[in-house]
Amino acid sequence: MFYDEMERERDLNKTVENLERNGMRAVVVDTREEAARYVEDTIPAGASVAVGGSVTLKECGIIDLLKSGKYNFFTPRPTVAPDGTATVSPEAAVANYRAAYGADYYLSGSNAITREGELYNVDGRGNRVSAIAYGPQKVIIIAGINKIVKNLDAAVARVKTVAAPQNCRRLGIESYCAEMDKCHSFFRGGDKAANMTDGCLSNTRICCHYLVSSKQSADGRITVVLVKEKLGY
Ligand code: SF4
């Protein structure tokens, strides 16, 4: 095993240990296919399921699984069939955002996971961070190994320099970070000067709500599936 791999393994083990200490279940799988299989084996047919926007869920094939008809899937996105007819209208999509809080399962990626056992997530609308915090009976977080960071400072920096710029570009949002690959908060005082909530003043800003999930009182409500692959942003 190379030094990098040994270090990655140590980081992974430490993260698992600290997530469990914080009352979250931690599961490690080797591949995205195994992550999808875990979801399929865990969620009973007919259960209601909602999701937060996540590239990782798509990359694992989990969105396709949820759309298979096996589950009562509350899709939050207006969807149009190839013939142009709306299969999920914008009104139904909004209703699904609200229904997500009563879902049996909520699935999401995570912007960062600290080795100290915390999840760090930042939203524009706030639907994802609010549902992770409260509402759905069970939450399953799927995250690639690239999401593991040393601590909360590194998690904040990860969102400002990796997750937000790439998500802005994916969503076609014109922002300082999409252009410069780092947050406007670094504009004044260099990379060390950015506080968590510093940022641009754009109306299309995607960083409005900040959630740190640490020690849980609802033991085992959140499961974190760590995949030994690079997934999402
Ligand atoms: S606050 Fe604005 S510039 Fe900073 S990361 Fe978020 S969207 Fe990008």
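You'll find the structure just up there.
Residues numbered from 1 in each chain as written. Predicted model: local features only at pLDDT ≥ 70, side-chain atom pairs only at ≥ 80, totals over all residues. Heavy atoms only, no water.

**Q** Explain the sheet that holds strand S7 (residues 112-114) to me, using residue names and the numbers behind them.
**A** Taking strand neighbours across the sheet as the criterion, the four strands line up as S10-S7-S8-S11 in an open arrangement whose pairing is mixed. Looking at which strands have only one partner, the edges of the open sheet turn out to be strand S10 (148-149) and strand S11 (209-213). Here strand S8 (residues 119-123) pairs with S11 via five bridges, running antiparallel. Considered in S11, the bridge of Leu 119 is made with Ser 213. Strand contacts of helix H7 (residues 152-171): S7, S8, S10 and S11, with the helix running at about 30° to S8, the strand carrying the most contacts. (Pairing = 2+ DSSP bridges. Helix = DSSP H or I, 4+ residues; strand = E, 2+ residues; numbered from the N terminus. Contact = heavy atoms within 4.5 Å. Axes fitted to C-alpha atoms, helices over the stretch in contact; angles between N-to-C directions.)

**Q** A description of the environment of Val 27 should follow, citing residues and the corresponding values.
**A** Tracing the sequence through the fold places Val 27 in strand S1 (residues 25-29). Accessibility expressed as a relative area gives 12% for Val 27, which makes it buried. Separated by 39 residues in the primary sequence, Val 27 and Leu 66 place their C-alpha atoms 20 Å from one another. Contacts of Val 27, omitting those with residues within four sequence positions, involve Tyr 38, Thr 223, Val 224, Val 225 and Leu 226. (Buried < 20%, exposed > 50% of the residue type's maximum accessible area, 1.4 Å probe, protein only.)

**Q** Residues and numbers for the environment of His 184, please.
**A** Within the secondary structure layout, His 184 lies in the loop between helix H8 (176-180) and helix H9 (186-189). For the pair His 184 and Asn 151, spaced 33 residues apart in the sequence, the C-alpha separation amounts to 22 Å.

**Q** Break down unusual backbone geometry for me, with residues and values.
**A** Phi is positive for Asp 181, close to 65°, though the residue is something other than glycine. Following the sequence through the fold, Asp 181 ends up in the loop between H8 and H9. With a relative accessible area of 40%, Asp 181 lands in the partly exposed category.

**Q** How would you summarise the site of the ligand if you had to cite specific residues and measurements?
**A** Around the ligand, the neighbouring residues are Ala 164, Cys 177, Cys 183, His 184, Gly 199, Cys 200, Arg 205, Ile 206 and Cys 207. Partitioned by chemical class, the residues of the shell around the ligand number six nonpolar, two polar and one charged. (Near = heavy atom within 4 Å. Nonpolar A, V, L, I, M, F, W, Y, C, P; charged D, E, K, R; others polar.)

**Q** Give a detailed account of helix H2 (residues 32-42), specifying residues and quantitative values.
**A** Among the residues of H2, those classed as buried are Ala 35, Ala 36, Tyr 38 and Val 39. Taken around the axis of H2, the buried residues stretch over an arc of 155°, which confines them to a single face. On its buried face, H2 sits against S1, helix H4 (62-66), strand S6 (105-108), strand S9 (138-144) and strand S12 (222-227). (Arc of directions from axis to C-beta.)

**Q** Run through the sheet that holds S6, naming residues and quoting values.
**A** Read across the sheet, six strands follow the order S1-S12-S9-S6-S2-S3 without closing on themselves; strand pairing throughout is parallel. Looking at the sheet topology across the chains shown, the edges are occupied by S1 and strand S3 (72-74). Strand-to-strand twist in this sheet, taken as the mean axis angle between neighbours without regard to direction, amounts to 20°. Judged from the five bridges that link them, S1 and S12 form a sheet pairing that is parallel.

**Q** Break down the nonpolar core for me, citing the residues and quoting the values.
**A** Among the nonpolar cores identified, the biggest contains 25 residues, and Ile 43, Ile 62, Leu 66, Leu 107, Ile 140, Ile 142 and Val 225 are the most heavily contacted of them. Of all the secondary structure elements, the ones that give two or more residues to this core are S1, H2, strand S2 (48-51), H4, S6, S9 and S12. Once you skip the residues sitting within four places of it in the chain, Ile 142 turns out to touch Ala 35, Val 39, Thr 56, Leu 57, Cys 60, Ile 62, Ser 108, Gly 109, Ser 110, Val 225 and Val 227. Judged by nonpolar contacts, the second largest core, of 23 residues, contains Val 16, Met 24, Ala 50 and Leu 211. (Core = buried A, V, L, I, M, F, W, Y, C linked by side-chain atoms within 4.5 Å.)

**Q** Mind laying out the pattern of salt bridges, listing which residues take part and the relevant values?
**A** Summed over the entire model, instances satisfying the criterion amount to eight salt bridges. Salt-bridge contacts for Lys 228 lead to Asp 30; the nearest nitrogen and oxygen are separated by 3.8 Å. Taken as a pair, Lys 228 in the segment after S12 and Asp 30 in the loop between S1 and H2 lie far apart in primary sequence, 198 residues in all. By relative accessible area, Lys 228 is classed as partly exposed at 32%. According to the relative accessible area criterion, Asp 30 is partly exposed, its value standing at 42%. Of the charged contacts, one joins Arg 32 and Glu 229 as a salt bridge, the two residues approaching to 2.7 Å between their closest N and O atoms. Of the two residues, Arg 32 sits in helix H2 while Glu 229 sits in the segment after S12, which places them 197 residues apart along the sequence. Judged by its relative accessible area of 25%, Arg 32 is partly exposed. Judged by relative accessible area, Glu 229 falls into the buried class, the value being 18%. One salt-bridge network, held together by shared partners, links Glu 9, Asp 30 and Lys 228. (Salt bridge = Lys/Arg side-chain N within 4 Å of Asp/Glu carboxyl O.)

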